Structures are given as C-alpha cells and as structure tokens.
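# A structural walkthrough
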Amino acid sequence: MTTTKVEHEVPGGAAWSLRVRPGREVRFSALGPGANCSLLLLTPDGDRLNVPDTLKAQMSARITPPMVLMSDRGVGLASVTGSSLDWHDAVCGHSTDRHVTERSSYQEHRNDRRISARAGLLSELRKRGFDRADLHATVNLFSKAAIDDAGRLSHVPKHCAADDWVALRTEVELVLVMSTAPHPLDPSWKPAGVRVAVTDAPPDEASRLFRPESGRALDAAAQALA
Amino acid sequence: MTMTTVPSGDGHLALLPAGATLRITDLEGNQAADTLLYDAADLDNRYSAVDTVREQAAAYLTTGSALLSTDLDVLATITADTVGRHDTLGGACSQESNVIRYGLHTRHQHACRETFLRWGAPVGIGARQLTHNINFFMNVPLTEDGGLTFADGLSGPGQYVELTAAREVYVLISNCPQLNNPCNGWNPTPIGVTVS
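Here's a quick rundown of the structure. Every chain's residues receive numbers from 1 upward, in the order its sequence appears when written. Note on labels: chains are lettered from A, ligands numbered from 1, in written order. The predicted origin of the model limits local features to residues at a pLDDT of at least 70 and limits the giving and counting of side-chain atom pairs to 80 or more, whereas totals for whole chains, interfaces and linings rest on all residues. Excluded from the side-chain calculations are hydrogens and water; all other atoms, namely the structure's heavy atoms, are used.

One can describe the packing of helix H5 (residues 212-222) of chain A onto helix H2 (residues 95-102) of chain B by two numbers: an axis separation of 7 Å at closest approach and a directional angle of 130°. Comparing their axes, H2 of chain B and H5 of chain A come out oblique. Two secondary-structure elements touch here, H5 of chain A through Glu213, Arg216 and Ala217 of chain A and H2 of chain B through Val99, Ile100, Arg101 and Tyr102 of chain B. In this classification, Asp, Glu, Lys and Arg are treated as charged, Ala, Val, Leu, Ile, Met, Phe, Trp, Tyr, Cys and Pro as nonpolar, and every other residue, Gly included, as polar. Tallied by class, the residues present in the contact of H5 of chain A with H2 of chain B amount to 4 nonpolar, no polar and 3 charged. Angles run from 0 to 180 degrees between N-to-C directions of axes, and those axes are lines fitted to C-alpha atoms, restricted for helices to the stretch in contact. In this text, helices come from DSSP runs of H or I with a minimum length of four residues, and strands from runs of E with a minimum of two, each type numbered from the N-terminal end. What sets the label is the angle itself: under 35 degrees gives roughly parallel, over 145 gives roughly antiparallel, 65 to 115 gives roughly perpendicular, and the rest give oblique. We call two residues in contact whenever any of their non-hydrogen atoms come within 4.5 Å of each other.

Here is the structure:
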C-alpha cells in the first residue's frame, strides 16, 4: 500500500499549486460533472510544459494516456499514466477576466466571487516567483474542444462526469499550478471541484514504450540533473 | 519599400509601427517562417497561439485572423495571404526537441530556437519570453479523432502573407533550418521580408 503524501480538494473556480518530487503519481478526480482543471507544469529552475512540442512529437491534437508531457528544454516532465477520459484539451488556453462575464466583487459576493483561470494561475505563479512571462499553453484536464475538418473548434458539453479521473507520473521535480475555473469555451459558470492526491507512482512502462519520441523524452528526464 | 532577403537558417527582427504592414514572401516555395510577435511597450504582452485559436474558434490562420496577445489585445491582423492557411499549434524546432523527435545525433544541428534567442536578445527577448509561435507556410492538419499530421506545404515560389500591426510590435522571425522533416521540402531556402 502506498501512502498518500498530499490530498486536497480544490473547489470549483479556485486556484492551487503544489511542488512534487519525481516518481510521484498525481491523481486528479472530478468532484462533479463538467469539471475543468487548467494546468501548468514548471520546474523550480524555470523549464515549462510546452504543449506544441508535446503534441507534434506524439502526433496528437489532444492529451491522452500514455503520452509524455514535454518541456521547452526537451524534457519529459510527466507521463499521463491513465484516465477515464480519452481526451483532455490543450489547444484552447484558459479563461481570462473577459470570459468571466458576470462581474462579481468581493464586497458583494465574498468568497463566492468569480475568478478567471488567468487571475488564479497568475496569483499562484507569482507566489512562487514566476509571472506573466511564464504563461504557456495549459492542459485543460477533463475538457474537450472538438475539431472539424476545417479546423473549427467547439466545446463539448458533458464530456466529464463526476468521478472521472486522470493520473500523471512526475518524471522530474515539478511545480503544478492549476485553476478549476470553467473551460474558456464553456458558456456556463458551473465549476466543479477537483480532488488532487499525491502518492508514490507504481511502475509503468506504457509511456516509455508508446513512441520512440516518448521514450527519448523520458531519457532526457533521467539525465536532466547529472 | 525594399525587400530584405533572410537566408535559410537566419533570422530577422523588425520593429513595426502601428499601421505598418510586413510581408513575408516564400521566395522558392515550401519554406516555413517561424514567427513571434511582441507588444513593443510590454514584452510579456506577446503573441498567444492558444488565445488566438480559441477566440476565433479556428485552429488555422489566414486573411482576417487577428493575432492576439496574452492580454487578448490585437497585436496585428493578417491582411493578405496567397496560401490559404498557416499553422500555429506545431511550435518551433529546438535542438532539444529535435533530439526527442529524431534522436541524439541531431543535438547540435541548427534550430529555430537558436535563431529566436540570437535575434531577440538585443531587445530583451530571452528564453522566458519565447512562446508558442506561428509557422507561416506550414500545413499541420488536426483531425476530428484527435490526430495531428505534418502534410505537404500548400505554399509555392512567390507566395506571401502580410501582417498589419495594430500597435507597435516586434516581429521576430526564424527562417526555419529544419532538415529532418518535409516542413522545408528537405531543402531550407531564403524568404523575403518587406515593410511598407
């Protein structure tokens, strides 16, 4: 039995961050239907999840197991070891204040006020010494934007049900920065919470064997600190 | 209005005043021009591929596409395009991503990120300021079932694209040196840059 290192329920529409050692499983679970978790991965020395490099190296327009999430510096930061969903969006960015259309104020709404993913991510980034310059493309866990032949994108409602989950294995030390504000193409504001649980990662070779590119990204992770 | 020729594997940095137009010409055809834009008054308010794609609900860029920044400001608009569509989700090559894609023997080959860093440095564009770019003249179709492919370029000799600046912007270009895939037709060639 593996012991739980950290477990936290991020309420819907909130932001959180945590620092995780290599070799951990980070499991995200939707606490209700329609959850979204806009996620950035960084290393303490400023390497960052690079979505275009991740997608093109693995010839994919979505994030799905057993892909490896790759960085600006060509390092496999984390492996997607499993998920109840076959599609996690990574091409739509995250919500900004402009998408959080119904204005709400702390004075009027207290802690039920609406906070965009951008505002939440920036707050968590800044606490850890990062800033606007570190805003890269997010992975939007639990969300899907459908793509047609002409390249038109449309949000797929009801893609995520309660208890849907996705698990990552950290390959290097990571800072995970996340917001549970709704997907930027989701017209409703019904954010569900997300449980984040960190445990020791079980052995798993699926990501290494997925494609030669995935294996080489994991080789780079093993050699990122000599 | 003179054309600057950017040799294969070289770069270019232009400071474009609001209202000015920059044309990139694919002189010999099938040549990727990796491009980034920055608000000259605020380098962190830079081109954002995902914000651009989402706000227009369109994965490809063409005439009429507004090139948005992280703050959702319009940095420039594509005002002419003889090709029809351009990629912005495939990223730029780097020595490190070449190792992932093609193997360790490509670690010391020339790559777009080297060019971006060299040409961006004089105005303060460093590694932290580099972001997901536009690949003019590149064709990277996404499929309904979630695939991504590198298809033959739609461009040919003399084809061009024009950007009109909505505010003062830096345009940082890497004339892609990639030799390991068909994005430059296996033979990188010069591009032309004209400001009017």
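Having seen it, we continue.
Looking now at empty space enclosed by the protein. Buried and open spaces are told apart on a 1 Å grid over the protein atoms alone, a cavity being a set of points where a 1.4 Å probe fits but cannot get out and a pocket being an open set with protein on both sides within 12 Å along at least five of seven lines. Residues with an atom within 4 Å of a point are the lining residues. Grid points are joined across faces, edges and corners, and a volume is the space filled by probe spheres set on the points. In total, this model carries 5 cavities of 30 Å³ or more according to the counting rule given. Considered as a void within the structure, the largest cavity measures approximately 120 Å³ in volume. Along its surface, the largest cavity is lined by 15 residues, and Asn50 of chain A together with Arg113, Leu130, Thr131 and His132 of chain B are the ones closest to its centre. Listed by contribution, the elements that provide at least two residues to the lining of the largest cavity are helix H1 (51-57) of chain A together with helix H3 (112-120) of chain B. The space that makes up the second largest cavity amounts to roughly 80 Å³. For the second largest cavity, the lining is made up of 14 residues, of which Lys56 of chain A together with Gly91, Cys93, Met138 and Cys183 of chain B are closest to its centre. Here the residues of the lining of the second largest cavity are counted per class, giving 6 nonpolar, 5 polar and 3 charged.

What follows deals with unusual backbone geometry. Cis peptide bonds are those with omega within 30 degrees of zero, and the linkage from Pro65 of chain A to Pro66 of chain A qualifies with 0°. Tracing the chain through its elements places Pro66 of chain A in the loop between H1 and strand S5 (68-70). In this model, Asp163 of chain A sits at a positive phi of 80°, which is unusual for a non-glycine residue. Along the chain, Asp163 of chain A falls in the loop between strand S9 (153-155) and strand S10 (165-170). Even without being glycine, Leu72 of chain B reaches a positive phi, approximately 65°. Here Leu72 of chain B shows up in the loop between strand S6 (66-68) and strand S7 (74-81). Taking the relative accessible area as the measure of exposure, Leu72 of chain B reaches 5% and is therefore buried. Buried, partly exposed and exposed residues are distinguished by accessible area as a fraction of the type maximum, computed with a 1.4 Å probe on protein chains only: under 20%, between the cut-offs, and over 50%, respectively.

Moving on: the state of the cysteines. Residue and element names in this part refer to chain B. Only a pair of cysteine sulfur atoms within 2.5 Å counts as a disulfide in this structure description. In the structure shown here, the tally under the stated rule is 0 disulfides over all chains. You can see Cys112 has no disulfide; the closest cysteine sulfur is in Cys176, sitting 3.7 Å from it. For Cys112, a relative accessible area of 0% gives the class buried.

A word on the packing of aromatic side chains. Given two aromatic rings, their pairing is described by the distance between the two centres and the angle made by the two planes. Residue and element names in this part refer to chain A. Classification of ring pairs uses Phe, Tyr and Trp, with its six-membered ring standing for Trp, and accepts pairs whose centres are within 6.5 Å; under 30 degrees between planes counts as stacked, over 60 as edge-to-face, and the remaining range as tilted. Per the counting criterion, the structure on display carries 0 aromatic pairs over all chains. Lying across the ring of Trp165, Arg27 places its NZ or CZ 4.1 Å from the centre. The ring of Trp87 carries Lys144 above its face, with NZ or CZ at 4.4 Å from the centroid. Charge over a ring is defined by NZ of Lys or CZ of Arg lying within 6 Å of the ring centre and within 35 degrees of the ring normal.

This brings us to the interface of chain A and chain B. Often, the extent of an interface is quoted as the loss of accessible area on bringing the components together. Between chain A and chain B, the contact holds 46 residues from the first and 47 residues from the second. Interface of chain A and chain B: buried area, both sides summed, is about 3700 Å²; carbon and sulfur atoms make up 51% of it. Between Lys or Arg on one side and Asp or Glu on the other, a salt bridge is scored when a side-chain nitrogen of the former is within 4 Å of a carboxyl oxygen of the latter. Put simply, chain A and chain B have 4 salt bridges between them. One salt bridge in this structure joins Arg128 of chain B and Asp134 of chain A, with 2.5 Å as the shortest N-O distance. Polar contacts, as used here, are pairs of N or O atoms within 3.5 Å; protein pairs need one atom able to donate a hydrogen and one able to accept it. Residues neighboring in sequence count only if both atoms are side-chain atoms. Here chain A is connected to chain B by 25 residue pairs in polar contact (both at pLDDT 80 or more). A quick way to say it: buried area is the sum, across both parts, of accessible area lost when two parts are put together, with a 1.4 Å probe.

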